[in-house]
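Observations on the model geometry
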Amino acid sequence: MEHKARSIRPFIGSKDFEVSRSFYRDLGFTETVLGKDLSVFETGSNAFYLQNYYNKDWVDNTMVFMEVENVEEFWGQLLALNLTDKYKDVRLVPIKNLEWGRECFVHDPSGVLWHFGAFNK
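First, a word on what this report is: a plain description of the structure on this page.

What counts as what
Residues numbered from 1 in each chain as written. Predicted model: local features only at pLDDT ≥ 70, side-chain atom pairs only at ≥ 80, totals over all residues. Heavy atoms only, no water. Salt bridge = Lys/Arg side-chain N within 4 Å of Asp/Glu carboxyl O. Helix = DSSP H or I, 4+ residues; strand = E, 2+ residues; numbered from the N terminus. Buried < 20%, exposed > 50% of the residue type's maximum accessible area, 1.4 Å probe, protein only. Lys, Arg positive; Asp, Glu negative; His and termini not counted. Polar contact = N/O pair within 3.5 Å; in protein donor to acceptor, adjacent residues only side chain to side chain. Contact = heavy atoms within 4.5 Å. Arc of directions from axis to C-beta.

Turning to the pattern of salt bridges, a few remarks are in order. Oppositely charged side chains are able to pair whenever their charged atoms sit close together. Under the definition given, this model contains eight salt bridges. The salt bridge involving R9 is made with E42; its shortest N-O contact spans 4.0 Å. Of the two residues, R9 sits in the segment before β1 (11-13) while E42 sits in strand β3 (residues 38-43), which places them 33 residues apart along the sequence. Take R9: its relative accessible area is 30%, and that puts it in the partly exposed class.

Below is the structure:
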């Protein structure tokens, strides 16, 4: 089967839609509102949908991996945003060295776990 896909866009939930929208804009994503309960957030050619829907079991088990060019630089930019001061449930986990590469982690305001990493060359 030959895929002629143009993108893959996961859907993620939000405990407080307005707080999550603000969080993702602060992270540098560009938001396009698609409806009162749905937005798409983009960076470059990558995107995801944020919905005004929360199911604890689902959100607590949602993980997204975003490959970045330079994990150290990205981590420094994350720290400069002071996200943990601005959003009470946001957590940052420093860079980990793994056999395949390096990554750091961000728990968004709803509990979605983001992996920001770079593969070994």
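Further remarks concern the side chain of D108. Tracing the sequence through the fold places D108 in the loop between β7 (101-107) and β8 (113-119). The buried charged residue D108 lacks any salt bridge partner; its closest oppositely charged side chain belongs to K15, at an N-O distance of 8.3 Å. Among the polar contacts made by the side chain of D108, one reaches the side chain of Y24 at a distance of 2.6 Å. Look past the residues within four positions of D108 in its chain and what remains in contact with it is I12, F23, Y24, D89, V90 and W114.

Assignment of secondary structure puts A118 in strand β8. Distance from A118 to L27, taken between C-alpha atoms, is 18 Å for residues 91 residues apart in sequence. When neighbours within four sequence positions are excluded, A118 is seen to be in contact with V68, E69, V71, W100, G101 and R102.

This part takes up helix α3 (residues 71-80). Three or more residues of α3 are buried, namely V71, F74, W75 and L78. The buried side chains of α3 occupy one side of the element, clustering within an arc of 100° when seen end-on. In this structure, α3 carries E73 and A80 as exposed residues pointing more than 90 degrees from its buried face. By the N-cap criterion, in which a side-chain oxygen at the helix start approaches the backbone nitrogen of a residue two or three places on, α3 is capped by N70, the distance to E72 being 3.0 Å. Once α3 ends, the next one or two residues include N82, with phi positive near 55°.

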